[in-house]
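A look at the structure
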Amino acid sequence: MKKKIILALVAATVAVFACFAFAGCGAEFVGNTDLQMNKKYIYTKSVNRSNDKQSYYVFYSNGTGKYREYSQTADGDILNLDYTVTFKYTFADTDKSAVVCFFDSVEYGKANGSYEVYTTWTRLVTVSGNVLCWAGTYGYSFYINEDYLNSTLTNYGK
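Residues numbered from 1 in each chain as written. Predicted model: local features only at pLDDT ≥ 70, side-chain atom pairs only at ≥ 80, totals over all residues. Heavy atoms only, no water.

**A short note on the pairing of strand β6 (residues 122–127)**
Because side chains alternate across β6, one face comprises the buried residues R123, V125 and V127, and the other comprises T122, L124 and T126, none of which is buried. Across five bridges, the pairing between strand β5 (residues 98–108) and β6 is antiparallel. Along β6, the bridge assignment pairs V99 with V125. Across three bridges, the pairing between β6 and strand β7 (residues 131–136) is antiparallel. In the strand pairing of β7, T126 is matched with C133. Between β6 and β7, which pair antiparallel and follow one another directly, the connecting turn spans three residues. (Buried < 20%, exposed > 50% of the residue type's maximum accessible area, 1.4 Å probe, protein only. Helix = DSSP H or I, 4+ residues; strand = E, 2+ residues; numbered from the N terminus. Pairing = 2+ DSSP bridges.)

**Some remarks on the pattern of salt bridges**
All chains considered together, the criterion is met by three salt bridges. One salt bridge in this structure joins K39 and D147, with 3.1 Å as the shortest N-O distance. In this pair, K39 sits in the loop between α1 (2–30) and β1 (40–43) while D147 sits in helix α2 (residues 146–151), placing the two residues 108 residues apart along the sequence. Given the relative accessible area of 38%, D147 is considered partly exposed. Where K88 meets D104, a salt bridge forms, and the shortest distance between an N and an O atom there is 3.9 Å. In this pair, K88 sits in strand β4 (residues 81–91) while D104 sits in strand β5, placing the two residues 16 residues apart along the sequence. (Salt bridge = Lys/Arg side-chain N within 4 Å of Asp/Glu carboxyl O.)

**Side note on the environment of A98**
The topology assignment puts A98 in strand β5. Distance from A98 to T126, taken between C-alpha atoms, is 4.1 Å for residues 28 residues apart in sequence. Contacts of A98, omitting those with residues within four sequence positions, involve T90, F91, A92, D93, L124, V125, T126 and V127. (Contact = heavy atoms within 4.5 Å.)

**Let's talk about the sheet that holds β4**
Strand order in the closed barrel formed by eight strands is β1-β2-β3-β4-β5-β6-β7-β8, with antiparallel pairing between adjacent strands. Here the average twist between neighbouring strands, direction ignored, is 30°. (Axes fitted to C-alpha atoms, helices over the stretch in contact; angles between N-to-C directions.)

**Section: the layout of surface pockets**
Quantified by volume, the largest pocket comes out at close to 820 Å³. Lining the largest pocket are 29 residues, and of these E69, L81, R123, W134 and Y138 lie nearest its centre. Mapped by element, the contributors of at least two residues to the lining of the largest pocket are β3 (64–71), β4, β6, β7 and β8 (139–145). Residues that form the lining of the largest pocket fall into these classes: 15 nonpolar, nine polar and five charged. (1 Å grid on protein atoms, 1.4 Å probe; cavity = no way out; pocket = protein on both sides within 12 Å on 5 of 7 lines; lining within 4 Å. Points joined across faces, edges and corners; volume = space filled by probe spheres on them. Nonpolar A, V, L, I, M, F, W, Y, C, P; charged D, E, K, R; others polar.)

**Some remarks on the environment of Y89**
By the secondary structure assignment, Y89 is in strand β4. Sequence separation of Y89 and L124 is 35 residues, and the distance between their C-alpha atoms is 9.5 Å. Within polar-contact distance, the side chain of Y89 engages the backbone oxygen of Y60 at 2.7 Å. (Polar contact = N/O pair within 3.5 Å; in protein donor to acceptor, adjacent residues only side chain to side chain.)

**Here's the deal with the nonpolar core**
Counting residues in hydrophobic clusters, the biggest one holds 21 residues, and the most contacted among them are Y57, F59, F87 and L132. Of all the secondary structure elements, the ones that give two or more residues to this core are β1, β2 (56–59), β4, β5, β6 and β7. Other than its neighbours up to four places away in sequence, L132 contacts L35, Y41, Y57, F59, V125, T126, V127, S141, F142 and Y143. V47, Y56, V58 and L149 belong to the second-largest nonpolar core, a separate cluster that totals six residues. (Core = buried A, V, L, I, M, F, W, Y, C linked by side-chain atoms within 4.5 Å.)

Now the structure itself:
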């Protein structure tokens, strides 16, 4: 009887350690879920452009960030976008899976048409270590962390 109890305890202990081991493997596959500071999250449609023609977000640990928008069309003027919004952000929830970005200032580039950013510019962005997602007027936009793009998605946009 004692042997059965001891074997049951040993089996239970092994099962608990196995659960922790497998949970660790799963976490490795999922990747980092924390918002990465001082890293560009590059818009999926601009990953193959030169740095000065990319659209992206960068977040800083002091509660600020910048959003760069660059888009040029043959039609010109208002459709040509070239600006950088500096924003302040706060996490929208306790698990830090979303941030709300609030306008602070804007700087226009030489290629900007007559488009103007409103001082009420606001974005709700879902976040992880690898990607950002913004649901806009015309659907979803995805932004990829530059480290994840270079280390894991090496063929994306090529």
